[in-house]
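# Coordinates in review
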Amino acid sequence: MSTYPTPQRHHILSVLVQNKAGVLARVASLFARRGYNIFSLAVAPTEDPQFSRITIVVDVEGTTLEQIVKQLFKLIEVVRISELDPQKSVERELFMATVRTDGENRGQIVELANIFEAKVLAVGVDALTLSLEGSPEKLDDFEELLRGYGIVELQRTGRIALPKLDREAHSRAVKGKAS
Amino acid sequence: MKITGAEALIKALEMESVDVMFGYPGGCILPAYDPLLKSSIRHILVRHEQGAGHMAEGYAHVTGRPGVAMVTSGPAATNLVTPLCDAYMDSIPMVAITGQVSTTAIGTDAFQECDTVGITRSITKHNELVMSAEDLPLAIRQAFHIATTGRPGPVLIDVPKDVLQNSMTWHWPTDEEVQASLPGYHPTTKGHPRMIKEAAKLMLAAQRPVLYLGGGVLKSRAAEVVREIAELLNIPVVTTLMARGAFPDSHPLCLGMPGMHGTAAAVTAMQKSDLLIALGARFDDRVTGKVSAFAQEAKIIHVDIDPAEQGKVRRPDVPIVGDCKLVSIEILKALRELLDGGEVQADIAPWRSRCSGWQEQFPLAYEPSAPGAALKPQFCLEQIRDHAPEGTILVSGVGQHQMWSSQYWHFDEPYTWVNSGGLGTMGFSVPAAIGAKVGRPDKTVWAIDGDGCFQMTAQELITASISNIPIKVGILNNSYLGMVRQWQEMFYGERYSEVDLGGGIPDFVKWAEAMGCVGIRVDSPEEVAPAIERANSINDRPVVVDFRVEEFEKVFPMVAAGASNDDIILPPSQNERREYLR
Ligand SMILES: Cc1ncc(C[n+]2csc(CCOP(=O)(O)OP(=O)(O)O)c2C)c(N)n1
C-alpha cells in the first residue's frame, strides 16, 4: 500500500556512481548492514556511460539521513550525492496494474483510466492491465481508486527525480567527500 | 613486451615497494606463485590463512606500511575474513590478494569458488574482482592508494586464475591515471581553518579540558605535535586502547587509558570534563559507557579524517574533518597566534590537581600473591615490562590478559603496542607478533596471550620457527576463558558455563617444543624473572613461557557493559575511597 513517508521523513537522494559491476550491491548492502531502510530505489545509466544514477527514497529522521549520506560517500565508487528537496524537484514513477473486471464495470475502469490519462495495455475476459506514469502522489490516488475493483497484480518502478529548472540552487550537493 | 597477468601482479607489488608478504598457495592463485620464485619479495608461508591476515596487520601496525596477504580462492579466502574485519575495525592498511576461479567458471559453483567480493564487501574499505590481466596493475595501484590514504583500511583484490594466466602488455599507471580512475575518492586531509580557530579558542577557554587520543593519532603519525599541544596548555591526556603509546605513560600529563577497564583517573576526568578534544578517536561504546551519561558537561572538538565519525555517536560542537597530524599542526599554530596576540588561557591548575588527586588515590592495584599461593598475572606483566629491552613491542590477544597488558605496561613510544581493539579477535596475538617482528626485526617482540587465545592460532609458531622469526610468547595461563569467567562471576551469579579450559591439557611446554620453540613453565613468583631473562636471551628461535597464574583474578577498574562511567567498579582495596572520585 502506498504508505509514502511523511514529508519530514521523506528524503530523495540522487547518487551518482561509477558504472561498475557490483556498485548496486555495495549500496544495497550498506543500507542493510547499517540498518537503514530503502523505501524505493531506481538505477539507470546517465548521459555519460561512465556513470549511473541511483535514486533512493529513504524514510528516516534528519540525523540518520546525515549518517546515510556520509556512509554512502565512503563507498569508493560514489562520486556525488545530492539530496533533492521534494518541493524543488520533479519526481516521476511508472505504475502497472492488472485489475479484475466483471464486464459490467469495465466501462467505469476505462473511464477512470481516461481521467488519470492512464493507458490500457491489455484487455482480457475478466481483467484489464493499465499503466500510468506520473508523480508518485498521482499514482497513489489512482491505485487507491483501483483497489475497490480488485487489483490482481501491481508493480511500481520506484521514483526517479531531477531538480526543477525554474529555481536556482535546486539541489543541495551534500558536502564532505569521505575518506 | 608481453607478460602474464601473474608476472604483472608480482611486478606491481614490487613497484609498490612490497618487501614481504604472508601467504598460502592453492589452485587458483598457483600461477602467481611461479613468478614469485624470481621476485625480491620475501614470502612467508603461514600455517593457516587467518595467520597470514593477522601477520599482515601486525606488520602494518609497527611499520605504518600496508601489510600484504596472498591466498587462494574459496576456503582460503573465507579464512581471511576474520583478519579483514579486524583490520577494517581498527583501520589497518592492508592489501589482500585472493585467487578466484577462472572468469568462465564464475557463477557455476566451480570447485573452490566462493563470492569473495560479496562476502568481504562490508569488511573492507574497498574490494574488486579483476576481470582482465590488463586491469591488474591499475587495480593494485588503486588498492595501495586506497588502503593507505584517508582513513586506512583493508582492500581486497580478487584475481581469477585465467586473468593470472593470460598475457598482457605491461603498463604502470601514473598518479594522474590513478586519480582519474577514482573520481569519487578525495579524502579531506586539511582541516577547515575557521573550525581550527574555533577549536583553539575553546581550548584556551576550557577549565576542565581533556585530550582524548585515539588510534588516528598513530595512523597519522601525529604523536609529536599532539604532545606539543598538550604541553603548551598543560592539558591532561588519555590514550585509548588503540592509542597506547601515542603519548608517553610516564608523562606527568598522562592519565592512562579510558574506558571499560581504564584507569579511574582517565575515566573520571572525561566524565567531569568541560571540553573533550577527540583526536582520531571514535567514541566507541567501550570508552563512552552509557552514551547518554557520558561526559555530559563536555563540549566536543572532534578531529577525524572520516566525516562519518563526526556525529555518529556524539554530536561535536566543533567538527574538524582532516588528517590528525595536519590538523594538530594547524591547531598548535592557531593556539600560538592567540597566545602571542595576548589571549590568556583559563586557569586549569585546579583541574590538573583534581586529576592528579584521582591518579594518586586510584592507581592500578592488585593484591600481590600470598606466599605459596598462585602467581598473579599482573606481577608477570610487571616483570616482563621491567626486564624488557628498550623499545620492546608488546602484542596481545583478547581477554583479561589484554587489559592487564594495556594497563600494566608503560608505553612510552608510539608503535610499540599491537592489539585487536574493535573486533576483539582471540587468536590475534601470535600471528600479529610474527608480523610485527618481520616488520621490525631489530626489536624484541613479546606476545602476551591467554591460554584460550593461544589455542586458536598457536600453530603459527611453526611458521615463526621455520622462517626464523624469534618472537616471545608469554601465556597468562589461568586455565579459564578468563574474561568470560569474570563476567559470569560478576553478572551471572558465579554460574560458570563453558569457561573452564580443563587445566593441564595441553602441555604448553611440550607443544612449544614440538613447534620448534623453547618452552618454559613458570609456577612460582621466584621463577618469573629468571624465565623472562632466559627468554630475552634466546634469539635464534621463538620462546613460549607458560605462566601458571591465579585462576580467579579479575580486571579492575571496570565499567559494566551499558553502565554509566560514573558507576565505575574500583578494585576492592579502593572502594572506601570512592567519594574522592567526585
Ligand atoms: C574469536 C573470539 N571468540 C570469542 C570471543 C569472546 N571472548 C572474549 S575474551 C574471551 C576469553 C579469552 O580467554 P583467554 O584467551 O584464556 O584469556 P583471559 O581472558 O583468560 O586472559 C572470550 C571467549 C572473542 N573475543 N573472540
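Model, not experiment: these values are computed from the prediction.

Next up on the list: the interface of chain A and chain B. Taken together, the 23 residues of chain A in the interface contact 25 residues of chain B. Together chain A and chain B conceal approximately 2000 Å² of surface at their shared face, both sides included; 51% is due to carbon and sulfur atoms. Scanning the region where chain A abuts chain B turns up 3 salt bridges. Put simply, Glu128 of chain B and Lys20 of chain A hold a salt bridge, and the shortest N to O gap is 3.2 Å. Of all the secondary structure elements, the ones that give two or more residues to the side of chain A that touches chain B are α1 (23-33), α2 (62-73) and β4 (78-84) of chain A. Looking at which element gives the most residues to the side of chain A that touches chain B, the answer is α2 of chain A, with 5 residues. Among the residues making up the side of chain A that touches chain B, the classes are represented as 6 nonpolar, 8 polar and 9 charged.

Before going further, it helps to spend a moment on the packing of helix α17 (residues 377-387) of chain B against helix α24 (residues 525-537) of chain B. Residues and elements named next belong to chain B. Following both chains from N to C, one finds α17 and α24 inclined at 40°, their axes separated by 10 Å at the closest point. With respect to each other, α17 and α24 are oriented oblique. Between α17 and α24 the crossing geometry is right-handed. Two secondary-structure elements touch here, α17 through Phe379, Cys380, Gln383, Ile384 and His387 and α24 through Pro525, Val528, Ala529, Ile532, Glu533 and Asn536. Considered class by class, the residues forming the contact of α17 with α24 number 7 nonpolar, 3 polar and 1 charged.

Turning next to the site of the ligand. Residue and element names in this part refer to chain B. The environment of the ligand is formed by 17 residues, the closest being Gln400, His401, Gly424, Cys453 and Gly482. Between His401 and the ligand, the recorded distance is 2.8 Å, taken from a side-chain N or O atom to an oxygen atom. One nitrogen or oxygen atom from the main chain of Tyr480 is found 3.0 Å from an oxygen atom belonging to the ligand. At the level of secondary structure, the elements contributing two or more residues to the shell around the ligand comprise α18 (400-408), α20 (451-457) and α22 (482-491). No other element matches α20, which puts 4 residues into the shell around the ligand. Across the shell around the ligand, the residue classes tally to 8 nonpolar, 8 polar and 1 charged.

This part takes up the domain arrangement of chain A. Residue and element names in this part refer to chain A. Splitting chain A by domain gives domain 1 (11-84) and domain 2 (90-161). Centre-to-centre separation of domain 1 and domain 2, based on C-alpha positions: 29 Å. Taken residue by residue, the interface counts 7 residues in domain 1 and 6 residues in domain 2. Of the roughly 500 Å² buried between domain 1 and domain 2 on both sides combined, carbon and sulfur atoms contribute 66%. Contact with domain 2 buries surface across domain 1, with Ile12, Ala42 and Thr55 losing the most and accounting together for 51% of the total. Here domain 1 is connected to domain 2 by 0 salt bridges. In this assembly, domain 1 and domain 2 are joined by 0 residue pairs in polar contact (both at pLDDT 80 or more). Per-element tally for the side of domain 1 that touches domain 2: the top contributor is strand β2 (residues 38-45), with 3 residues. Of the residues assigned to the side of domain 1 that touches domain 2, the class counts are 5 nonpolar, 2 polar and no charged.

Pairing between the strands of a sheet comes from backbone hydrogen bonds, and it takes one of two forms, parallel or antiparallel. All names here are of chain B. With parallel pairing, the 6 strands of this open sheet are ordered in space as β16-β15-β17-β18-β20-β19. The open sheet has two edge strands, β16 (417-418) and β19 (518-522), and neither has a second partner. Summarising the sheet, strand β15 (residues 393-396) and strand β17 (residues 445-450) pair through 4 bridges and their orientation is parallel. Of the residues in β17, the one forming a bridge with Ile393 is Val445. Helix α19 (residues 429-439) rests against β15, β16, β17 and β18 (472-477) of the sheet, and its axis sits at about 175° to β17. Here α24 sits on the sheet and contacts β17, β18, β19 and β20 (543-548); the angle it forms with β19, its principal contact strand, is near 170°.

Right, let's talk about the side chain of Gln50 of chain B for a bit. Residues and elements named next belong to chain B. Mapped onto the elements, Gln50 comes out in helix α3 (residues 49-63). Residue Gln50 is classed as buried on the basis of its relative accessible area of 15%. If we skip the residues at most four places from it in the chain, Gln50 touches Asn79, Thr82, Pro83, Thr425, Met426 and Thr457.

About the thresholds
Residues numbered from 1 in each chain as written. Chains lettered and ligands numbered in written order. Predicted model: local features only at pLDDT ≥ 70, side-chain atom pairs only at ≥ 80, totals over all residues. Heavy atoms only, no water. Contact = heavy atoms within 4.5 Å. Buried area = accessible area lost by both parts, 1.4 Å probe. Salt bridge = Lys/Arg side-chain N within 4 Å of Asp/Glu carboxyl O. Helix = DSSP H or I, 4+ residues; strand = E, 2+ residues; numbered from the N terminus. Nonpolar A, V, L, I, M, F, W, Y, C, P; charged D, E, K, R; others polar. Axes fitted to C-alpha atoms, helices over the stretch in contact; angles between N-to-C directions. Parallel < 35°, antiparallel > 145°, perpendicular 65-115°, else oblique. Left-handed = near helix turned anticlockwise from the far one by under 90°. Near = heavy atom within 4 Å. Polar contact = N/O pair within 3.5 Å; in protein donor to acceptor, adjacent residues only side chain to side chain. Domains from an automatic or database assignment. Pairing = 2+ DSSP bridges. Buried < 20%, exposed > 50% of the residue type's maximum accessible area, 1.4 Å probe, protein only.

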